[in-house]
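# Secondary and tertiary structure notes
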Amino acid sequence: MKKIKINGGKELKGSIKISGAKNSAVALVPASLLSDGVVTIDNIPNISDIDALNEILEYLGAKVTREKDKMIIDQKNLENKEIPESKAKKLRASYYFMGALLGKYKRVEIYFPGGCSIGARPINLHLKGFEALGANVIENGNKYIIEAEELKGNNIYLDVPSVGATVNIMLAAVKAKGLTIIENAAKEPEIVNVATFLNNMGAKITGAGTSEIRIKGVNKLGNGFTEVIPDRIEAGTYVIAGALLGNNLKIENIIPDHIESLTLKLKEMNVPLEIHDDYLIISKTDKMKKVNIKTQGYPGFPTDLQQPMTTLLVGCNGTSTLEETIYENRFQNVPFLNEMGADIIIDKRKIHINGPKQLVGKEVIATDLRAGACLVLAGLKASGTTVIKDVEHILRGYENIIEKLKNVGADIVLVDE
Ligand code: EPZ
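An account of the accompanying structure is given in this report. (Residues numbered from 1 in each chain as written. Predicted model: local features only at pLDDT ≥ 70, side-chain atom pairs only at ≥ 80, totals over all residues. Heavy atoms only, no water.)

A tally of helices and strands in the protein yields 14 helices and 23 strands. The principal-axis extent of the C-alpha atoms belonging to the protein is close to 60 × 45 × 40 Å. The buried share among the 417 residues of the protein stands at 57%. For the protein, the computed accessible surface area is about 15,800 Å², with 47% contributed by carbon and sulfur atoms. When the 52 basic and 51 acidic side-chain charges of the protein are each reduced to a single mean position, those positions are 2 Å apart. (Helix = DSSP H or I, 4+ residues; strand = E, 2+ residues; numbered from the N terminus. Buried < 20%, exposed > 50% of the residue type's maximum accessible area, 1.4 Å probe, protein only. Areas by Shrake-Rupley, 256 points an atom, 1.4 Å probe, with all protein chains shown as cover. Lys, Arg positive; Asp, Glu negative; His and termini not counted. Charge placed at Lys NZ, Arg CZ, Asp CG, Glu CD.)

Put into structure tokens, the structure is as follows:
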């Protein structure tokens, strides 16, 4: 079984280059099915989630060519087949094949998606959107059969600004007859990335990135090109590493606006950082002030950085609080941090982090992707050796994380034992 071993306390200096965004790429790849031609997606991160999506594409008959971080997908021989449980279960983003195949063929058969154990993660809003467009949803065991005589544009209000539901409804609506309006849509940058890609193929989408997205149905979608935007969560994770151990650590290939909720908090905490047009420089300080954070949808503080940020707050003077408003079970990293010497109290959807505390290396377990990232950061900061088990969670969401950290001075290895 793969484990990550870290000897902590090493100063981090030099430069880390951010890869393409996982949460964009996992939507762009299924979205490519809507084209009747050939599409190219550039800056694709080399992570196992993408491999799992490729497997589904090729299973459906698409021809996928990978050239470094470029993916060329030829849909000419595509056929609409049931997506088996073994493939759908591998990741949550397999649910984007629902919107894409429904939008293209007016029918899709697919098993329930997988995904991290951070909450119930229902997809009721996705299904409500498909039904609003005229589709009939049948749940047969743990498989969905979704089909429509005709897809017609409609006004759809999302009770929760769900990222997945916003993207999935967009995919199903691009070839529907007439106008679809998604109200209370999620505003994440990844949604803009997908809408731009679809428009490049010939779709007519406006308002992506705002809470009202309008989609005018078109008959055909042709060849397309797009580039995956930099991963704001990967960037945020390494920015936090810089706040923990950096000596003018450079984080490059970023869009500063996309992580402004984090950088503003770090400034509030007295962390020295310089922000430039597509990179930032960050160093640690021993005088970090405590802070209160509440996770929100974009542009608020992202839930995906809540767990990595917890590691930083352990070193703050005083009691910081972190309130998780998006998921009901996203504190599984806390018991392991406390075993390493932190003093964190869980109080329903809020945690109180009493600091400053010095972490000591321990054997810990990555329960989910961002909990794993939190524990990598803790291992980098802790004195002694930290061993992290179940690291597949981490490797599926952070391209070359071991190399990227080693290159800036971390004493970190991936072992197979
Ligand atoms: C996306 O998940 C991301 N995953 C998540 O990142 C991210 O945490 C989340 O958006 C919020 O930003 C991908 O993009 C693959 P949601 P998604 O639908 O789309 C509720 C990571 O670490 N909800 O915005 O599944 C849901 O329960 C992952 O990279 C419904 O109630 O998130 C949650 O409480 C983790 N009904 C809230 O909305 C629905 O039909 C937000 O979920 C859908 C969602």
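Moving on, we get to the pairing of strand β1 (residues 2-7). Pairing of β1 with strand β23 (residues 411-416), which is carried by 6 bridges, proceeds in the antiparallel orientation. Bridge pairing in β23 links Asn7 to Asp411. Examined bridge by bridge, β1 and strand β22 (residues 385-389) share 4 bridges and lie antiparallel to one another. In the sheet register, Ile6 faces β22, and the bridge partner there is Thr386. (Pairing = 2+ DSSP bridges.)

A sheet is described by the order of its strands in space; here 4 strands give the open sequence β21-β22-β1-β23, paired in mixed fashion. Strands with a single pairing partner mark the edges of an open sheet, and in this sheet they are β21 (363-365) and β23. Strand-to-strand twist of the sheet, defined as the mean angle between neighbouring strand axes without regard to direction, takes the value 25°. Pairing between β21 and β22: 3 bridges, direction parallel. Bridged to Ile365 within β22 is Lys389. (Axes fitted to C-alpha atoms, helices over the stretch in contact; angles between N-to-C directions.)

What follows is about the site of the ligand. The environment of the ligand is formed by 23 residues, the closest being Arg92, Asn124, Ser162, Asp304 and Ile326. Note that an oxygen atom of the ligand is positioned 3.1 Å from one of the side-chain N or O atoms of Asn23. A distance of 3.2 Å separates an oxygen atom of the ligand from a polar atom in the side chain of Tyr327. Protein chains shield 90% of the accessible area of the ligand, which is 820 Å² for the free molecule. Of all the elements in the fold, those that place two or more residues in the shell around the ligand are α1 (22-31), α5 (124-132), α6 (163-173) and α12 (369-381). (Near = heavy atom within 4 Å. Polar contact = N/O pair within 3.5 Å; in protein donor to acceptor, adjacent residues only side chain to side chain.)

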